[in-house]
Amino acid sequence: MPKPFASSADLGDKQRSFEELAEGVYALTAEGDPNVGAVEGEDFLVCFEAMATPVAAREWLATLRQRTAKPVRYLVLSHYHAVRVLGASAFGAEVIVAHDKTRELIAERGEQDWASEYGRMPRLFKEPSSIPGLTWPTATFSDTFTIQLGGDRGEVVLAHCGRGHTEGDLVAWLPRQGVLFAGDLVESQAALYTGDAFHRDWAGATLDRVASFGARVLVGGRGAVARGEREVAAAVAQTRDFLRVMLTEVGAAHGRGGTLKEAFEGAHRALAPRYGAWPIFEHCLPFNVSRLWDELDGVERPRVWTAERDREVWELLQT
Ligand SMILES: [Zn+2]
């Protein structure tokens, strides 16, 4: 039986977990669906990630509103992917913050990414007609951007750690609370999506910089919250291992003049024993291998994924 395309057959609702990680610092995780978070300032909120549609975002906000009625001043977007940004209008945020490159990527490929992600993961797009259009950041930065929370709450430091999951990822670091929202740069017991990635940078200096914050609590892009130094280190190590296995396997097939299909099969064989049962593993791997193959071919920037290219790569590798 052919594998259903990407996550198109994944239609069951996930169990959501709302957690307070430190005073006024919240995360919502959902068994491998994209995580979101929020941080209370003295008289405002900083929200992290926007979900795929305004209707989906309003469900998250309803949960958050059981704890605080403060208005959302900042909506922080870790990167440009549609399932994390297209719900932005629900937040009524004063400022939408992202990395400079994220703004450029939305302009360059936001429309195609929207169509691609909708086809891959339709369940996340709750009432897609509620999306008013692309989400445009209203404040961008290149290295760091600091938000003072007021009172004795400390600050949120948004930082770009180098190229990784995309060209413009940011993390949100709360030095006082020791909490790091890592976006898709780190996954905790969920498979990586690397279809828009820079594998070598990500597996090296970028993850080194993520680890250097010394977080005591880490919220990855998907999967459970990592608590304590050991779990945080394990989440970072898992992410790095996944990338290194891909680099080894795809690199070997590429180096000996093999085919993309052989690279996919090698990567699948090597990754499946440890990662095969984790959320979105089968969904992501064809796109991951395709991008890494390009990277090894010297294609500097990831090619744009369109709904059509998604299907072509899927047909070639997963059937
Ligand atoms: Zn992403």
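Placed above this text is the structure.
Everything quoted here is computed from the prediction, not taken from an experiment.

S.K.: I'd like a description of the coordination of the zinc ion, backed by residues and values.
M.R.: Around the zinc ion, the donor atoms from the protein are His 79 (NE2), His 81 (ND1), His 165 (NE2) and Asp 184 (OD), and they sit 2.1 to 2.4 Å away. Classification of the site at the zinc ion as irregular follows from its four donor atoms and the range of 90 to 178 degrees in their angles at the metal. Written as a sequence motif, the donor arrangement for the zinc ion is H-x1-H-x83-H-x18-D. Of this pair, His 81 sits in the loop between β5 (72–76) and α2 (82–85) while Asp 184 sits in the loop between β11 (179–183) and α4 (199–211), and the two are 103 residues apart along the sequence. Using a relative accessible area of 7% as the deciding quantity, one classes Asp 184 as buried.

S.K.: Quick rundown of the pattern of salt bridges? Include the residues and the values.
M.R.: In this structure the tally under the stated criterion is 25 salt bridges. Measuring nitrogen to oxygen at the nearest pair gives 2.6 Å for the salt bridge that ties Glu 42 to Arg 153. With Glu 42 in the loop between β3 (33–40) and β4 (45–48) and Arg 153 in the loop between β8 (144–148) and β9 (155–159), the pair connects residues that are 111 residues apart, well separated along the chain. Residue classification places Arg 153 among the buried positions, given a relative accessible area of 18%. Residues Asp 208 and Arg 240 are paired through a salt bridge, measuring 3.0 Å at the closest nitrogen-oxygen approach. With a gap of 32 residues between them, Asp 208 in helix α4 and Arg 240 in helix α5 (residues 228–255) connect regions that are remote in the sequence. Residue classification places Asp 208 among the partly exposed residues on the basis of a relative accessible area of 42%. Put simply, Glu 108, Arg 109, Glu 167 and Arg 301 are held in one network by salt bridges that share partners.

S.K.: Mind laying out the sheet that holds strand β1 (residues 17–22), listing which residues take part and the relevant values?
M.R.: Taking strand neighbours across the sheet as the criterion, the seven strands line up as β1-β2-β3-β4-β5-β6-β7 in an open arrangement whose pairing is mixed. The two strands at the open ends of the sheet, each matched to only one other strand, are β1 and β7 (139–141). Neighbour-to-neighbour, the strand axes of this sheet turn through a mean angle of 20 degrees, independent of strand direction. In the sheet, strand β2 (residues 25–30) pairs with β3 via five bridges, with the strands oriented antiparallel. Note on β3: the bridge partner recorded for Tyr 26 is Ala 38. With respect to the sheet, helix α1 (residues 54–64) is in contact with β1, β2, β3 and β4, its orientation differing from that of β3 by roughly 40 degrees. Where helix α3 (residues 100–120) meets the sheet, its contacts fall on β6 (95–99) and β7, and the angle it forms with β6 comes to roughly 95 degrees.

S.K.: Describe the nonpolar core, and please don't skip the residues or the numbers.
M.R.: Counting residues in hydrophobic clusters, the biggest one holds 52 residues, and the most contacted among them are Leu 180 and Leu 271. Take this core: its biggest share by element is ten residues, from α5. Leaving out residues up to four positions away in the same chain, Leu 180 has contacts with Val 171, Ala 172, Trp 173, Val 210, Phe 213, Ala 215, Val 217, Leu 218 and Val 219.

S.K.: Before we move on, can you summarise α4 with the specific residues and values?
M.R.: If you check α4, its first and last C-alpha atoms are 17 Å apart, about what 13 residues at 1.5 Å a residue would give, namely 18 Å. Buried within α4 are the following residues: His 199, Trp 202, Ala 203, Gly 204, Thr 206, Leu 207 and Val 210. Here the buried face of α4 lies against β11, α5 and α7 (281–296).

S.K.: Would you mind going over empty space enclosed by the protein in detail, with residue names and values included?
M.R.: Summed over all chains, the structure comprises five cavities of 30 Å³ or more. Computed from the structure, the largest cavity encloses a volume of approximately 170 Å³. Lining the largest cavity are 20 residues, with His 81, Glu 117, Met 121, Tyr 193 and Arg 222 sitting closest to its centre. If you list the elements that add at least two residues to the lining of the largest cavity, you get α2, α3 and α7. In terms of residues, the lining of the largest cavity owes the most to one element, α3, which gives four residues. Its residues placed into classes, the lining of the largest cavity shows seven nonpolar, five polar and eight charged. A volume near 40 Å³ is recorded for the second largest cavity. Considering the residues around the second largest cavity, the lining is formed by Tyr 80, Ala 82, Val 85, Leu 86, Ile 106, Gly 110, Asp 113, Leu 134 and Thr 135. Among the secondary structure elements, those contributing two or more residues to the lining of the second largest cavity are α2 and α3. The greatest single-element share of the lining of the second largest cavity, amounting to three residues, is contributed by α3. The residue makeup of the lining of the second largest cavity, split by class, is six nonpolar, two polar and one charged.

S.K.: Report on the packing of aromatic side chains, specifying residues and quantitative values.
M.R.: Enumeration according to the criterion identifies 14 aromatic pairs in this entry. Ring centres of Phe 242 and Tyr 275 lie 5.0 Å apart, and the angle between their planes is 55 degrees; this geometry places the pair in the tilted category. Taken together, the positions of Phe 242 in helix α5 and Tyr 275 in helix α6 (residues 260–275) put the pair 33 residues apart, joining distant regions of the chain. With respect to burial, Phe 242 and Tyr 275 carry one shared label: buried. Measuring from centroid to centroid gives 6.4 Å for Phe 242 and Phe 281, while their planes differ by 75 degrees, and the two rings are edge-to-face. With a gap of 39 residues between them, Phe 242 in helix α5 and Phe 281 in helix α7 connect regions that are remote in the sequence. Residue Phe 242 shares its accessibility class with Phe 281, and that shared class is buried. Among the aromatic side chains, those forming a connected cluster through ring pairs are Phe 5, Phe 287, Trp 305 and Trp 314.

Definitions and cut-offs
- Residues numbered from 1 in each chain as written.
- Predicted model: local features only at pLDDT ≥ 70, side-chain atom pairs only at ≥ 80, totals over all residues.
- Heavy atoms only, no water.
- Donors = N, O, S within 2.8 Å, 3.2 Å for Na, K, Ca; no water.
- Tetrahedral: all angles 85-135°; square planar, octahedral: opposite > 155°, others 65-115°.
- Helix = DSSP H or I, 4+ residues; strand = E, 2+ residues; numbered from the N terminus.
- Buried < 20%, exposed > 50% of the residue type's maximum accessible area, 1.4 Å probe, protein only.
- Salt bridge = Lys/Arg side-chain N within 4 Å of Asp/Glu carboxyl O.
- Pairing = 2+ DSSP bridges.
- Axes fitted to C-alpha atoms, helices over the stretch in contact; angles between N-to-C directions.
- Contact = heavy atoms within 4.5 Å.
- Core = buried A, V, L, I, M, F, W, Y, C linked by side-chain atoms within 4.5 Å.
- Expected span 1.5 Å × (residues − 1).
- 1 Å grid on protein atoms, 1.4 Å probe; cavity = no way out; pocket = protein on both sides within 12 Å on 5 of 7 lines; lining within 4 Å.
- Points joined across faces, edges and corners; volume = space filled by probe spheres on them.
- Nonpolar A, V, L, I, M, F, W, Y, C, P; charged D, E, K, R; others polar.
- Phe/Tyr/Trp six-rings, centres within 6.5 Å; stacked < 30°, edge-to-face > 60°.

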